[in-house]
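Overview (structure and organization)
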Amino acid sequence: MLFAKLLVVLASALPTIASTFKDKIKRTGIDATFPGDPSYLSASSPFNLRFTWKPAVVTYPENPEEVSQLVQIAVQYNVQVVALSGGHSYIANGLGGQSGVLVVDLRNLGKVTVDSSEGTAVIETGNRLGDVATALANAGRALPHGTCAYVGIGGHAAYGGFGFTSRQWGLTLDTIIAINVVLANGTISRVTNETDPDLFWAFRGAGGSFGLVTSYEVKTFPAPPSATVFEYQWFLDIATAAKGISAFQSFVQTDIPLQFGAEVNFEKGQTSGTLSFTLVGGWYAPVQGLQAVLAPFLRQMPANPEVTLNTGTYLNSVRVLAGGSLDTKPPESHDTFYVKSLMTPTNSPMSDAAVLALSRYLSVEGFASQTEWFVQLELYGGRNSAINNVPRDATSFVNRDSLFTFQFYASSPGKVPPYPQYGFTFLDGAVKSVVSNSPANWEYGAYPNYVDDMLLDWRLRYYGSHYTRLQALKKKYDPRNLFRFPTGIDP
Ligand SMILES: Cc1cc2nc3c(=O)[nH]c(=O)nc-3n(C[C@H](O)[C@H](O)[C@H](O)COP(=O)(O)OP(=O)(O)OC[C@H]3O[C@@H](n4cnc5c(N)ncnc54)[C@H](O)[C@@H]3O)c2cc1C
Ligand SMILES: *[C@@H]1O[C@H](CO)[C@@H](O)[C@H](O)[C@H]1NC(C)=O
Ligand SMILES: *[C@@H]1O[C@H](CO)[C@@H](O)[C@H](O)[C@H]1NC(C)=O
């Protein structure tokens, strides 16, 4: 009798492990989708179709207690856990960056609560930037953040958060006052500079490695009464585009107001050896002042660019920059792409040789490339930039002396898989055109929100001198590396 029972137990031992994990999750009553379920494919489909991770389960908790329950189950069954906010990681890290992970999709944590007297807000991490901007603007408030309405606040605030108000207000992560989080041991905690300065430091720059943030408490800013989105487009030859970049680089180191935010976008030209060069930005002051600010730059550029100015409310500017709508309900289309970033040090601006090499590369190789690409040169610095006014060691986000952040972005033809090898080669060459024409020990960085799975020296470029401290804290708070993913801090 006893013997027979034992056999039955042995025979069923293997399938039991997998099915108890599943049963255990099902028994919590938390909404979940497993491989084979009808909703699984869309639940596990990344923004970047270059990746095809298969999560063990995608879960939809409704509160921090349920997030904690899920973490405890994952610990028990030795399954990795990851937070998914807006799903816009460039390398699908929100799905775990590997297969077999318990994904905690935070979409049901959708509240934004504004405290008008304090000027603060509590933003649950199921929110996308479009929802955040709309909710805050309804209360007359604003936050610095990026342009795409679909990007989630979870990842955005964990790794940076740059927009055209960032010179004035800082990165999204610089506005954080407190972080409500579930830690690797399942504990629900409110982390502040007072309760736990180490963790508070780590979360602002490397959040994904330290816990699942359920809400951010942030300081907000009065929404400016008027905002203008501007665009000046030229089609330039190699030498003129290079002169334009150098002119922009000099211009932004003069005394330009903090209400001015901008980037230069490069796209394919109309013929080989030419480039589309567009100055895009936001001006968060009365429109009458803009021309005087831009004049010293425009004087150095060819006459008669194509100009678009859109002046309106602050929320209007957010909508225009998002491409016309802040609605995040309809599912966004996917892309298949590769991205690289490069943050240039203020104390060592790009040389004329680097600028010319980049201009030539994008005008010639860029024209020939079959990828759909763009390159953005985003202005982080300039005098008194709020991004760079934060002391380097105040947060784990290390690159506080950057003048520019480059984003190099190339999609496969038609934006569908498979991603071609020549896409990698093209972007690697673009970065190289700048770096190989810069000093040998050039202290450039990379931007962790433009996360890049091919960046070999990511520890140095994303975290620099902060990596050692992050690693020590990881050992303390997540010794078993429950939150493990490519470019994550490892203990
Ligand atoms: C179209 C587009 C436009 C963009 N524009 C800008 C821009 O203008 N400025 C800018 O700075 N960046 C921009 N980005 C980059 C963007 O900031 C990052 O991709 C960001 O990390 C995405 O966050 P997410 O929550 O949508 O992504 P997810 O894939 O959900 O998460 C990204 C990473 O953050 C972690 N994470 C997410 N939520 C949490 C949480 N609650 N707790 C702990 N970790 C969490 C994930 O685990 C993952 O590692 C853009 C990206 C795209 C796709
Ligand atoms: C979980 O970890 C945190 C941070 O180290 C610690 O303060 C807390 O006591 C731990 N909780 C448990 C139940 O061990
Ligand atoms: C955190 O506290 C330390 C020590 O009291 C202080 O020096 C630092 O400025 C504080 N940082 C923030 C972001 O409040």
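Not measured: the values here are computed from a predicted model.

Remarks on the domain arrangement of the protein chain
Split into domains, the protein chain comes out as domain 1 (112–223) and domain 2 (227–312 + 334–455). Facing the 21 residues of domain 1 at the interface are 32 residues of domain 2. Across the domain 1 to domain 2 interface the summed buried area is about 2,000 Å²; carbon plus sulfur atoms make up 57%. Among the residues of domain 1 in contact with domain 2, Phe162, Phe164 and Arg167 are the three that bury the most area, contributing 47% of the side total. Applying the counting rule to domain 1 against domain 2 returns 15 residue pairs in polar contact (both at pLDDT 80 or more). Looking at the side of domain 1 that touches domain 2, the elements with two or more residues in it are helix H5 (153–159), helix H6 (166–169) and helix H7 (197–206). Ranked by the residues each element gives to the side of domain 1 that touches domain 2, the list is headed by H7, at five residues. Of the residues belonging to the side of domain 1 that touches domain 2, the class tally is nine nonpolar, nine polar and three charged.

Let's talk about the pattern of salt bridges
As enumerated under the stated definition, the model contains 13 salt bridges in all. Between Arg50 and Asp453 there is a salt bridge; the shortest N-O distance is 3.1 Å. Remark: Asp453 occurs in the loop between helix H13 (421–435) and helix H14 (458–463) and Arg50 occurs in the loop between helix H2 (40–43) and strand E2 (57–60); sequence separation between them is 403 residues. Across the pair Arg392 and Asp401 runs a salt bridge, and its minimum N-O distance is 3.2 Å. Salt bridges here are not isolated pairs; linked through shared partners, they connect Lys340, Asp428 and Asp452.

Considering the site of ligand 2
Every residue close to ligand 2 is listed here: Leu183, Asn185, Thr187 and Tyr477. Measuring from an oxygen atom of ligand 2, one finds a side-chain N or O atom of Asn185 at 2.3 Å. At 2.9 Å from a nitrogen atom of ligand 2 is found a side-chain nitrogen or oxygen belonging to Thr187.

Points about the UniProt feature "domain: FAD-binding PCMH-type" (unreviewed entry) in the protein chain
The residues that UniProt annotates with the feature "domain: FAD-binding PCMH-type" (unreviewed entry) are residues 51–223. What you have in residues 51–223 is 26% helix and 26% strand, and the ends, taken at the C-alpha atoms, are 38 Å apart.

Here we look at helix H4 (residues 129–138)
Considered for burial, the residues of H4 that qualify are Leu129, Gly130, Val132, Ala133 and Leu136. Projected down its long axis, H4 shows its buried positions confined to an angular sector of 165°, all on one face. For H4, the elements touching its buried residues are strand E5 (112–115), strand E6 (120–124), strand E7 (141–142), H5 and helix H10 (314–321).

As for unusual backbone geometry
Omega for the peptide link from Pro417 to Pro418 comes to 0°, which places this bond in the cis form. Position of Pro418 among the secondary structure elements: in the loop between strand E18 (402–411) and H13. Positive phi, close to 60°, is recorded for Asn78, a residue that is not glycine. Summarising the element assignment, Asn78 is placed in the loop between helix H3 (64–77) and strand E3 (81–84).

Cut-offs and rules
Residues numbered from 1 in each chain as written. Chains lettered and ligands numbered in written order. Predicted model: local features only at pLDDT ≥ 70, side-chain atom pairs only at ≥ 80, totals over all residues. Heavy atoms only, no water. Domains from an automatic or database assignment. Contact = heavy atoms within 4.5 Å. Buried area = accessible area lost by both parts, 1.4 Å probe. Polar contact = N/O pair within 3.5 Å; in protein donor to acceptor, adjacent residues only side chain to side chain. Helix = DSSP H or I, 4+ residues; strand = E, 2+ residues; numbered from the N terminus. Nonpolar A, V, L, I, M, F, W, Y, C, P; charged D, E, K, R; others polar. Salt bridge = Lys/Arg side-chain N within 4 Å of Asp/Glu carboxyl O. Near = heavy atom within 4 Å. UniProt positions renumbered as here; feature names shortened; annotations may be inferred. Buried < 20%, exposed > 50% of the residue type's maximum accessible area, 1.4 Å probe, protein only. Arc of directions from axis to C-beta.

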